[in-house]
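# Secondary and tertiary structure notes
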Amino acid sequence: MFRLSVQSFFLSHTLSLLAFGSRSTSALTQVVLITGTSSGFGRLIAETLARKKFHVFASMRDVDTRNAVRARELEQLAKRESLILEVIELDVTQDASVGQAVTEVLAKSRRIDVLINNAGYGIMDLCETVTVAQAQRQFDVNFFSVVRMNRAALPIMKRQGSGLLLYVSSGAGRLAIPGMGFYCASKFAMEALAETYRYEVASQGIDSVILEPGPYATPIADKLAKGEDQQRRAGYGEMAHVPWKVLEGIRSSRANPQEIADKVLQIIETPAGQRQLRYRVGRGGPGVERINALADEVQAQLLEAYGIAAAAKFKLPNERE
Ligand SMILES: NC(=O)c1ccc[n+]([C@@H]2O[C@H](COP(=O)([O-])OP(=O)(O)OC[C@H]3O[C@@H](n4cnc5c(N)ncnc54)[C@H](OP(=O)(O)O)[C@@H]3O)[C@@H](O)[C@H]2O)c1
């Protein structure tokens, strides 16, 4: 209850900033808010978009403590290259932190054109070794983060009549990988939410787009959690080694993570209303693309069957009543 009311407080403050205005640093520049920019894809996306003249709010948690060095590095890069890139504090698991960050973005730029839900981590172990508390943490970072971020950003995008919600999901958001059960479950959940949002907000000129990377050797592999109940490993035989095999597969990837940042740029630059629901990048592409193509077809039939295809259609401002 308290956590929700904290977010409501920041949201109403945010909306009053939007209504009455404040100093705008971005009259023409598109404003992008990214979660999880301390390393990996997030950092590369922040740099890539800033170099393309977007106004980037590169958020990360613990900017003054654990991530201080990474935060200063990005700030120095911005200074050196005269980029409009600001590092802000944002822990995606904390309502108050999300509220404060969005309020800060709005106070400085008065809009959010693109929200990139990128922050995430993984538990890499047999499902049975993972405790309920661990499973909840996995969902808090990979799924409820998106609930929080979208709820904070959507009132702003609705007032603008435009916006792009972008999600860094995974091939694991479409396929079940032994040793990664809760990570897969959290990304499947994220994809279901992202797709539902797509249909629900399209008529207001807001896009919801999922990016599905294959394996890339980012620092994610060094931050993976193991199941806390290792006794449950008993009896699994060869299967007990599967999580390490999968991890090796990720670590040995030679794919360049910059591909993901480049794809994000391409998606943003695609005109609103013409973007696909899902983009798959990296190893294992064709299989996931087949699933996506079939799902698109069946989803379209479902929307027709319920008589909601027209309501779920993307509308530009001149197409709205
Ligand atoms: N690398 C791959 O093979 C791969 C493949 C498919 C999808 N993905 C997805 O891509 C996204 C980025 O991952 P990555 O590979 O770039 O790994 P990464 O370098 O570990 O980046 C993950 C980012 O999320 C942040 N994060 C974690 N918990 C957070 C929290 N509570 N609040 C705010 N930020 C938080 C991390 O911050 P800290 O440094 O503070 O922990 C880090 O900045 C993730 O969603 C991941 O699931 C990765």
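Residues numbered from 1 in each chain as written. Predicted model: local features only at pLDDT ≥ 70, side-chain atom pairs only at ≥ 80, totals over all residues.

## What about the pairing of strand β6 (residues 206-213)?
What counts, and what does not: Whether a residue is buried, exposed or partly exposed is read from the other C-beta atoms within 10 Å of its own C-beta, which are placed from the backbone; 20 or more gives buried, 12 or fewer gives exposed, and intermediate counts give partly exposed. Here a helix means four or more residues in a row that DSSP labels H or I, a strand means two or more in a row labelled E, and each is numbered from the N terminus. Between any two strands, at least two bridges found by DSSP are needed for them to pair. The handedness of a crossover follows from its direction of travel: if, with the strands pointing away from the viewer, the path from the first strand over the helix to the second runs clockwise, the crossover is right-handed.
Summarising burial for β6: eight of the eight residues are buried, a large majority. Here β6 shows no split at all, with Ile206, Ser208, Ile210 and Glu212 on one side and Asp207, Val209, Leu211 and Pro213 on the other all buried. Sheet topology places strand β5 (residues 163-168) next to β6; six bridges connect them, and they run parallel. Paired with Leu166 across the strands is Val209, a residue of β6. Of the crossover connections in this fold, the one passing from β5 over helix α6 (residues 181-201) to the parallel β6 is right-handed.

## Thoughts on the confidence of the model for the protein
Formally: pLDDT gives the predictor's per-residue confidence on a scale running from 0 to 100. Throughout, a pair of residues is in contact if the C-beta atoms placed from their backbones lie within 7 Å.
Of all residues in the protein, 92% attain a pLDDT of 70 or more, and the chain-wide mean is 92. Mean pLDDT across the elements of the protein bottoms out in helix α1 (residues 2-20) (51) and peaks in strand β4 (residues 114-117) (99). Contacts for the low-pLDDT stretch residues 19-26, under 50 throughout, to residues beyond four places or in other chains number 13 contacts.

## Points about the pairing of strand β3 (residues 85-89)
Counted residue by residue, β3 has four buried out of five residues, so it is predominantly covered. Pairing of strand β2 (residues 55-60) with β3 involves five bridges; the strand directions are parallel. Bridge pairing links Val56 to Leu85 in β3. Each parallel crossover has a hand, and for β2 linked through helix α3 (residues 68-80) to β3 it is right-handed.

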